[in-house]
Amino acid sequence: MWFWICAWRGGNALNCVPKLRHRSELNLNLYTNVLSTCWMSDMQQNELTLSGTVVWGDDFEPKEGYVVIENGKIKEIGEEKIEAAIEGIIIPSFINAHTHIGDSVAKEPDFMPVEKLVGPGGFKHRILAETPYEVLVSSMRATIEDMIATGTQLFADFREGGLLGVRALKEALRLSGGNERLRVKILGRPAAGTEDESGIDELFESVDGIGMSSVADYPQEELKLLAVEAKRKGKMFALHAGERNAEDVKGAIELEPDFIVHLIEASRQDFKKMHDKKIAAVVCIRSNLVTGLGLPPLPRMLESGLTVGAGTDNVMLNSPNPFSEMEFISKLFQLDEREVLAMCTLNSATILREEQSIGTIEEGKKANVVVIRTDTPNMRNVRNPIKGVVRRATRNDIAAVIYEGKVVKF
Ligand SMILES: [Zn+2]
């Protein structure tokens, strides 16, 4: 019956569902089935309307209104109150600026010094070495599914293992639906001592950039060559620094990368130099807590004018869940909630050179948004929508994840 109603109404999914105000009265499964069925016909029409609190533009200003999506893009944003099938707090989908999903198979290690965790012969490398390739790929695929389900539209992965590592990640992405539901920026690195000049060229062709560990782990000259080559080819270059101590920060800044990850031990002067050279910062707060290495001086980074993005780092250490990351950042540093949301959306888009098309809700940008319910026990009575989303929302509060105009998760 629902299908016929949909067809009769012209196939727009938002017309298929009983008035939204009665949504909580519906059995959720029925609701999902109805909307999925309707979406089949809706896809031909390629139009969807959302309503509620729209977290709008670069300033993340909450406004009551609606968003019309057409052909994968945001066509119109208005301030009128209208009814729609999907209603709630409408925020840009998340961008995770730093992950290592290659270790998705090695979860929940004991707390131990970082050298024993990720150093040569350590926990991570032992498990990766003894795990069959197919299992590594399927565990990465599961992580990608998890990221889609928690509203991530783009993540930047530091991929170890040279070309083979890059291929494994691409295979995991293909198995989880390819670029239809999220995108990845792969920052690969040459496999230790195995890639000659033609191998490096092939690596560059298959990645979005280069992501290295620390200047302490390689001769500076080799890193310089990679950094210069990346720039010449229009690819990104990034690396970790200031995680264990301050000794690798200066060398990292000298390479003029696109961004530096961690910076727990960096000084105000380092941040000034980074700002002058237009080098961005990516912080991984929950990762820093697990490794016990301290926390970065995040307010000082922001005061220095740096563009600061956020990442969840190794899947081995943390789920790639942006809601958890936002809650930790917000409560540990007591920052303005818009600043925290920006770190997980617009700032990370800027760092990954994608801010023209994603990262905020604006007309003409890709329709990559997450709608957060306001009728769940957790979100009911939230008075400030952005504070509510940043400090307390969870994956259970998601009404829909929309990627390029298509609902990829209810
Ligand atoms: Zn990392």
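Here, residues in each chain are numbered from 1, in the same order as that chain's written sequence. Under the rules for a predicted model, residues below a pLDDT of 70 receive no local features and side-chain atom pairs below 80 are neither given nor counted, while totals for whole chains, interfaces and linings still include all residues.

A. Representation of the nonpolar core. The nonpolar core is taken to be a set of buried Ala, Val, Leu, Ile, Met, Phe, Trp, Tyr and Cys residues joined by way of C-beta atoms within 7 Å. Exposure criterion: with C-beta atoms placed from backbone coordinates, a residue whose C-beta has 20 or more other C-beta atoms within 10 Å is buried, one with 12 or fewer is exposed, and one in between is partly exposed. In terms of nonpolar packing, the biggest core is built from 116 residues, with Ile90, Ile260, Ala281, Val282 and Ile372 touching the most fellow members. Domain borders in the structure are assigned automatically or taken from a domain database. Mapped onto the domain boundaries, this core takes at least three residues apiece from domain 1 (2–92 + 359–409) and domain 2 (94–351). Note that contacts rest on C-beta atoms placed from the backbone: two residues are in contact if these are within 7 Å. What Ile90 contacts, discounting residues up to four positions off in sequence, is Leu50, Gly52, Thr53, Val54, Val55, Val67, Ile361, Val369 and Val371.

B. Structural view of unusual backbone geometry. With a phi close to 55 degrees, Glu108 is a non-glycine residue in the positive phi region. In DSSP terms, a helix is any run of H or I states spanning at least four residues, a strand is any run of E spanning at least two, and both are numbered starting from the N terminus. With respect to the helices, strands and loops of the structure, Glu108 is situated in the loop between strand S5 (94–100) and helix H4 (114–118).

C. Geometry of the pairing of strand S4 (residues 86–92). Burial analysis of S4 places seven of its seven residues in the buried class, the great majority of the element. In this structure, strand S1 (residues 47–56) lies alongside S4, joined through five bridges in parallel fashion. Among the inter-strand pairings, Thr53 is bridged to a residue of S4, identified as Ile89. DSSP calls a pair of strands paired once it identifies at least 2 bridges connecting them. Across four bridges, S4 lies against strand S14 (residues 369–372) in antiparallel orientation. The partner of Ile90 across the bridge, within S14, is Val371.

D. Inspection of the packing of helix H6 (residues 133–149) against helix H7 (residues 162–175) at higher detail. The angle between two axes is taken between their N-to-C directions and runs from 0 to 180 degrees, where each axis is a line fitted to C-alpha atoms and a helix contributes only its stretch in contact. The N-to-C vectors of H6 and H7 enclose an angle of 55 degrees; their axes lie 8 Å apart at closest approach. When the axis of H6 is compared with that of H7, the two are oblique. Crossing geometry of H6 relative to H7 is assigned as right-handed. Facing H6, whose interface residues are Tyr133, Leu136, Val137, Met140, Arg141 and Ile144, H7 presents Ala168, Leu169, Glu171, Ala172, Leu173 and Leu175. A class-by-class count of the residues in the contact of H6 with H7 yields ten nonpolar, no polar and two charged. For classification purposes, angles smaller than 35 degrees are called roughly parallel, those larger than 145 roughly antiparallel, those between 65 and 115 roughly perpendicular, and all remaining angles oblique. Should the near helix be turned counterclockwise from the far one by less than a right angle, the crossing is left-handed, whereas a clockwise turn marks it as right-handed. Residues are sorted three ways: Asp, Glu, Lys and Arg are charged, Ala, Val, Leu, Ile, Met, Phe, Trp, Tyr, Cys and Pro are nonpolar, and all the rest, Gly among them, are polar.

E. Main features of the sheet that holds strand S10 (residues 259–262). Reading across from one edge, S12-S11-S10-S9-S8-S7-S6-S5-S13 is the order of the nine strands in this open sheet, with parallel pairing throughout. Of all strands in the sheet, those bounded by a partner on one side alone are strand S12 (308–310) and strand S13 (313–314). Here strand S6 (residues 152–159) pairs with strand S7 (residues 183–188) via six bridges, running parallel. Each bridged residue has a counterpart across the sheet, and for Asp157 the counterpart in S7 is Ile186.

F. Region of the structure containing the confidence of the model for the protein chain. Note: pLDDT gives the predictor's confidence per residue, expressed from 0 to 100. On average, residues of the protein chain score 89 in pLDDT, and 88% of them are at 70 or above. Low confidence marks residues 1–44, where pLDDT is under 50. Its contacts with residues over four positions away, or in another chain, come to 55 contacts.

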